[in-house]
Amino acid sequence: MDERSALRRLAAALPAAGDDAALVDGLVVTTDMLHESTDFPAGTTRYTAGWRSVGASLSDVAAMGAKATAAVAAYAAPTLDEDELDAFLDGAVDVCEAVDAEYVGGDLDTTGEFTVATTALGETDAPVRRAGANAGDVVCVTGALGRTAAGLRAFDAGETERGNELFRFTPRVAAGVALAPHATAMMDSSDGLARSLHQLAEASDVGFDVSWDAVPVHDAVDEYAEDDADRREMATTVGEDFELVCTVPAAAVDDARAASPVPLAVVGDVVDEGVRLDGESLADEGYTH
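This one's a predicted model, so the numbers in the text were calculated from it and none came from an experiment.

Asks: Give a detailed account of the overall build of the chain, specifying residues and quantitative values.
Replies: Per the secondary structure count, the chain includes 11 helices and 12 strands. Relative to the globule expectation of 19 Å for 289 residues, the C-alpha radius of gyration of the chain, 18 Å, shows essentially globular dimensions. By the burial criterion, 51% of the 289 residues in the chain qualify as buried. In the form shown here, the chain has an accessible surface area of approximately 12,700 Å², with 48% of it arising from carbon and sulfur atoms. Between the centroid of the 18 positive side chains of the chain and the centroid of its 55 negative side chains there is a distance of 3 Å.

Asks: How would you explain the packing of helix 5 (residues 147–156) against helix 6 (residues 160–167) if you had to name every residue and give the values?
Replies: Running from N to C, helix 5 and helix 6 cross one another at 160°; their axes reach a closest spacing of 8 Å. The angle between helix 5 and helix 6 falls in the class roughly antiparallel. The element helix 5 and its partner helix 6 pack so that their crossing is left-handed. Only Thr 160, Arg 162, Gly 163, Asn 164, Glu 165, Leu 166 and Phe 167 of helix 6 make contact with helix 5, whose side of the interface consists of Arg 147, Thr 148, Ala 150, Gly 151, Leu 152, Ala 154 and Phe 155. A per-class count over the contact of helix 5 with helix 6 returns 6 nonpolar, 5 polar and 3 charged.

Asks: So, the UniProt feature "binding site: Mg(2+) 1" (unreviewed entry) in the chain: which residues are in play, and what are the values?
Replies: UniProt records the feature "binding site: Mg(2+) 1" (unreviewed entry) for Thr 31, Asp 32 and Asp 107 in the present numbering. In sequence the annotated residues extend across 77 residues, while in space they remain close, none of their C-alpha pairs exceeding 14.3 Å. One can find Thr 31 in strand 2 (residues 27–35). Not counting residues up to four positions away in its chain, the partners in contact with Thr 31 are Ser 57, Thr 118 and Thr 119.

Asks: Can you break down the environment of Ala 225 residue by residue, with the values?
Replies: Within the secondary structure layout, Ala 225 lies in the loop between helix 9 (221–224) and helix 10 (228–236). A C-alpha to C-alpha distance of 10.0 Å links Ala 225 and Ala 235, two positions 10 residues apart in sequence. Not counting chain neighbours up to four residues away, the residues in contact with Ala 225 comprise Arg 153, Asp 230, Arg 231 and Met 234.

Asks: Quick one: what's the story with the nonpolar core, residue by residue and with numbers?
Replies: Counting residues in each nonpolar core, the largest one holds 45 residues, and the members touching the most others are Val 54, Leu 58, Phe 88, Tyr 103, Phe 114, Cys 246 and Val 248. Sort the elements by how many residues they give to this core and helix 3 (residues 46–63) lands first, with 7 residues. Judged by nonpolar contacts, the second largest core, of 33 residues, contains Ala 133, Ala 149, Met 234 and Val 267.

Asks: Go over the domain arrangement of the chain, please, and point to the residues and values.
Replies: When its domains are assigned, the chain resolves into domain 1 (3–123) and domain 2 (137–281). Relative placement of domain 1 and domain 2: their C-alpha centres are 21 Å apart. Contacts between the two partners involve 27 residues from domain 1 and, on the opposite side, 24 residues from domain 2. Here domain 1 and domain 2 share an interface that buries about 2,100 Å² over both sides, 58% of which is from carbon and sulfur atoms. Put simply, domain 1 and domain 2 have 0 salt bridges between them. Connecting domain 1 to domain 2 are 10 residue pairs in polar contact (both at pLDDT 80 or more).

Asks: How would you sum up the UniProt feature "binding site: Mg(2+) 5" (unreviewed entry) in the chain? Please name residues and give values.
Replies: According to UniProt, the positions carrying the feature "binding site: Mg(2+) 5" (unreviewed entry) are Asp 191. Among residues more than four places away in sequence, those in contact with Asp 191 are Gln 199, Thr 237, Gly 239, Glu 240, Gly 286 and Tyr 287.

Asks: How would you summarise the packing of aromatic side chains if you had to cite specific residues and measurements?
Replies: Counted under the stated rule, the structure contains 6 aromatic pairs. Between Tyr 47 and Trp 51, the ring centres sit 6.4 Å apart and the planes meet at 40°, which makes this aromatic pair tilted. Note that Tyr 47 and Trp 51 are positioned in helix 3 at a spacing of 4 residues, about one turn of the helix. For Tyr 47, a relative accessible area of 24% puts it in the partly exposed group.

Asks: Give a detailed account of the side chain of Arg 172, specifying residues and quantitative values.
Replies: Examined against the element boundaries, Arg 172 turns out to sit in the loop between helix 6 and helix 7 (173–179). Reaching out from Arg 172, the side chain makes a polar contact with the side chain of Glu 243 at a distance of 2.9 Å. Residues in contact with Arg 172, not counting those within four places in the same chain, are Ala 62, Thr 142, Gly 143, Phe 242, Glu 243, Leu 244 and Val 262.

Reading the values: the criteria
- Residues numbered from 1 in each chain as written.
- Predicted model: local features only at pLDDT ≥ 70, side-chain atom pairs only at ≥ 80, totals over all residues.
- Heavy atoms only, no water.
- Helix = DSSP H or I, 4+ residues; strand = E, 2+ residues; numbered from the N terminus.
- Rg over C-alpha atoms; globule rule 2.2 N^0.38 Å.
- Buried < 20%, exposed > 50% of the residue type's maximum accessible area, 1.4 Å probe, protein only.
- Areas by Shrake-Rupley, 256 points an atom, 1.4 Å probe, with all protein chains shown as cover.
- Lys, Arg positive; Asp, Glu negative; His and termini not counted.
- Charge placed at Lys NZ, Arg CZ, Asp CG, Glu CD.
- Axes fitted to C-alpha atoms, helices over the stretch in contact; angles between N-to-C directions.
- Parallel < 35°, antiparallel > 145°, perpendicular 65-115°, else oblique.
- Left-handed = near helix turned anticlockwise from the far one by under 90°.
- Contact = heavy atoms within 4.5 Å.
- Nonpolar A, V, L, I, M, F, W, Y, C, P; charged D, E, K, R; others polar.
- UniProt positions renumbered as here; feature names shortened; annotations may be inferred.
- Core = buried A, V, L, I, M, F, W, Y, C linked by side-chain atoms within 4.5 Å.
- Domains from an automatic or database assignment.
- Buried area = accessible area lost by both parts, 1.4 Å probe.
- Salt bridge = Lys/Arg side-chain N within 4 Å of Asp/Glu carboxyl O.
- Polar contact = N/O pair within 3.5 Å; in protein donor to acceptor, adjacent residues only side chain to side chain.
- Phe/Tyr/Trp six-rings, centres within 6.5 Å; stacked < 30°, edge-to-face > 60°.

Here it is, written out as C-alpha cells:
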C-alpha cells in the first residue's frame, strides 16, 4: 500500500482517527515520524531538526483549531553526541515556546539513521475537522506557500544557512484557534496545496475551484524557481509548508481575516465536485512519505 491507502485503512478501523489529530474527551493528540534520508537534507542542523520535527506535530494540533499544550519526542541517532542532542533540545523547546506550549521530554535510542518521532497534545471543545465544507463556502490559506520547496533548493545549492532558516517555520497554532469559530473544515498543508484540496474534497464530499493568481507564494520561491511552471509546482505540490487550508462561509471571511494573526488569502470557491485550478483539473500530487 502507499501512504494514502494505509491511512484510509487505519481511519476505517479507528473511529478517532482520520483528521490531522485524534480527539479524545477534548484532548487533541497527534504523532509524526521523520527520517534523515527523507526529511532532513544534508546541512540540516540538529537545532533545525528539533524545531521542525516537533513543529510538524504542533501543526497538526493547529489544524484542529486546538490550543497546543505540550510535546515530546523520541530521538534516535547512530551516536548520542552531546552537542547534537543539546542543539536538538534547544530547537524543540524554542518551537514549543513559539506557540505557548511546553516541551516535556521523550525517549533516546541509537539506530542506523537519525530518526525522530514526535507527539503533540492540545485542547479544544470545538474541533475543526476535514469534513464540513459546503458548496458556497470559500477556501482560504494562511501565510504563503512554497517555503519548504525554496528551502530544499537552498540546501541543494549548498546555502545551508538559508535552508535552515526556511525550514524553521512557525506552526499556525494561534491562527488555528482564531479561525476555529469561522472555519467549516480545516487541515494543514503538509502534503502541499494540491493534495490538501483533494483530501478536503474527499472528506467533505465537495469540490474546489481555485485561482492561481490568488494563491499566496512565499518570497523565497522567486529566489529559486526556474520559470513560471516551476514556481507553480513549488507552491502547490512540494508540500511541508505547514500552513492552514480551511473553508469559510463567504459571509464570514471578513471576520475570519480580522481574527487571524497571520494573513488569510481567499484562493477559490467550494463547489459541488471536482478540484480545478484556473478551470483545469488539478492533479492529486504532493508530498508522499
